[in-house]
Amino acid sequence: MKGTIIDFNESQRLGLISGEDGQRYQLAMSEWKGSQFPKVGAAVDFSVEGDQSISVYPLSVSSGSSKKIAAALLAFFFGAFGVHKFYLGYKKQGWIMLLGFIFGFILLGIPSMIIGIIAFVEFIIYLTKSDEDFENIYVNGSKPWF
């Protein structure tokens, strides 16, 4: 069965999984098959025995790191044009950045500089996020700005 970790206490090494069937199952660290501690919000695949989860495997995040690095590089080199926004699927925000940059030159370039600063800040944010956080926030979620 598939589910999501909704709670995990590292000191007690116990947690709770919400299964796709709507039920909640106890998670004991002895049943965890991942290489790192379970994280809240992580997708898992597990078997059930009563109200206990057994053989709990984390589901890998396949495209997070590649999208993260690509989006960060696009934000750094072409961010003022909104290319990283288009890449992540945020077309409206990409057009706002592109048009803001192009038409910003009419107003002595100040809007264009602001768009460039926003792109640089997003470059830094993308690099500082973990792969899982980036995937959850910018790829699976819908957080188009910062």
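Below: a short report on this structure. (Residues numbered from 1 in each chain as written. Predicted model: local features only at pLDDT ≥ 70, side-chain atom pairs only at ≥ 80, totals over all residues. Heavy atoms only, no water.)

**A short note on the environment of D45**
Quick reminder of the rule: By definition, any uninterrupted DSSP run of H or I lasting at least four residues is a helix, any uninterrupted run of E lasting at least two residues is a strand, and each is numbered from the N terminus. For this analysis, residues touch if any pair of their heavy atoms sits within 4.5 Å. For the purposes of these results, a polar contact is taken to be a pair of N or O atoms within 3.5 Å, where, inside protein, one atom must be able to donate a hydrogen and its partner to accept one; residues adjacent in sequence count only when each atom of the pair is a side-chain atom.
Within the secondary structure layout, D45 lies in strand β4 (residues 43–49). Separated by 86 residues in sequence, D45 and D131 have C-alpha atoms that sit 20 Å apart. Other than its neighbours up to four places away in sequence, D45 contacts M1, K2, S55, V56, Y57 and L59. Only 3.5 Å separates the side chain of D45 from the backbone nitrogen of M1, close enough to count as a polar contact.

**Things to note about the packing of helix α3 (residues 91–104) against helix α4 (residues 110–128)**
Test applied: Where helices are involved, their axes are fitted lines through C-alpha atoms of the stretch in contact, as for all axes, and angles between N-to-C directions lie from 0 to 180°. Crossing handedness is defined as follows: a turn of the near helix away from the far one that is anticlockwise and smaller than a right angle gives a left-handed crossing, while the clockwise case is right-handed. Amino acid classes used here: Ala, Val, Leu, Ile, Met, Phe, Trp, Tyr, Cys and Pro are nonpolar; Asp, Glu, Lys and Arg are charged; the rest, including Gly, are polar.
Contact pair α3 / α4: the axes reach a minimum separation of 6 Å and the direction vectors enclose 145°. Classified by chirality, the crossing of α4 by α3 is left-handed. In contact with M97, G100, F101 and G104 of α3, α4 contributes I110, P111, S112, I115, I118, A119 and E122. Tallied by class, residues from the contact of α3 with α4 come to seven nonpolar, three polar and one charged.

**Digging into the pairing of strand β1 (residues 2–9)**
To keep things clear, this is the line we draw: Any two strands are treated as partners once DSSP identifies two or more bridges connecting them.
As judged from the three bridges shared by β1 and β4, these two strands associate in the antiparallel manner. Directly across from T4, in β4, lies its bridge partner A43. The pairing of β1 with strand β2 (residues 14–19) spans six bridges and is classified as antiparallel. Bridged to G3 within β2 is G19. Once β1 ends, the chain turns through four residues before running back antiparallel as β2, passing R13 with a positive phi of about 60°.

**Notes on the packing of aromatic side chains**
Our working definition: Two rings from Phe, Tyr or Trp (for Trp, the six-membered ring) form a pair when their centres sit within 6.5 Å of each other. Planes less than 30 degrees apart are called stacked, planes more than 60 degrees apart edge-to-face, and all others tilted. Here the term buried applies to any residue with accessible area under 20% of the maximum for its type, exposed to any over 50%, and partly exposed to those in between, with areas from a 1.4 Å probe on protein chains only.
The final tally for this structure, using the stated rule, is twelve aromatic pairs. When the centroid spacing of 6.3 Å and the interplanar angle of 50° are considered together, the rings of F76 and F120 count as tilted. Note that F76 is positioned in helix α1 (residues 64–78) and F120 in helix α4, a separation of 44 residues in sequence. The class of F76 is partly exposed, set by a relative accessible area of 42%. Between F101 and F105, the aromatic rings sit 5.4 Å apart at their centres with planes inclined by 80°, giving edge-to-face as the arrangement. A connected cluster of aromatic rings, assembled from ring pairs, spans F76, F77, F120 and F123.

**A short note on the pairing of β4**
Across five bridges, the pairing between β4 and strand β5 (residues 52–58) is antiparallel. Within β5, the residue paired with V48 across the bridge is S53.

**Regarding a nonpolar patch on the surface**
As a reminder, the rule being used: Residues forming no salt bridge and having over 30% relative accessible area are the ones grouped into patches, like charges within 9 Å of each other and nonpolar side chains (Val, Leu, Ile, Met, Phe, Trp, Tyr) within 5 Å. Here the accessible surface of atoms and residues is derived via Shrake-Rupley with a 1.4 Å probe, and residues count as covered only by protein chains that are part of the display. Whenever Lys or Arg places a side-chain nitrogen within 4 Å of a carboxyl oxygen from Asp or Glu, that contact is recorded as a salt bridge.
A grouping of I69, L73, F76, F77, F78, F81, F120, I124 and L127 is seen on the molecular surface, where their side chains present a nonpolar patch of about 860 Å² in accessible area. Contributions of two or more residues to the nonpolar patch are made by α1 and α4. Among the elements that make up the nonpolar patch, the one with the highest residue count is α1 (five residues). Along the chain, I124 turns up in helix α4. Of the residues examined, I124 reaches a relative accessible area of 39% and is grouped as partly exposed.

**A closer look at helix α5 (residues 131–140)**
Since the α-helix packs 3.6 residues into each turn, any two residues three or four apart lie on the same face. This is how it is decided: Arc definition: directions from the helix axis to the C-beta atoms.
When α5 is considered as a whole, its buried residues turn out to be F134, E135 and Y138. For α5, the angular spread of the buried residues around the axis is 115°, confining them to a single face.

**A look at unusual backbone geometry**
Here the phi dihedral of R13 falls at roughly 60°; this positive angle occurs in a residue that is not glycine. Here R13 lies in the loop between β1 and β2. Taking the relative accessible area as the measure of exposure, R13 reaches 42% and is therefore partly exposed. In this model, S55 sits at a positive phi of 50°, which is unusual for a non-glycine residue. Assignment of secondary structure puts S55 in strand β5. Given the relative accessible area of 28%, S55 is considered partly exposed.

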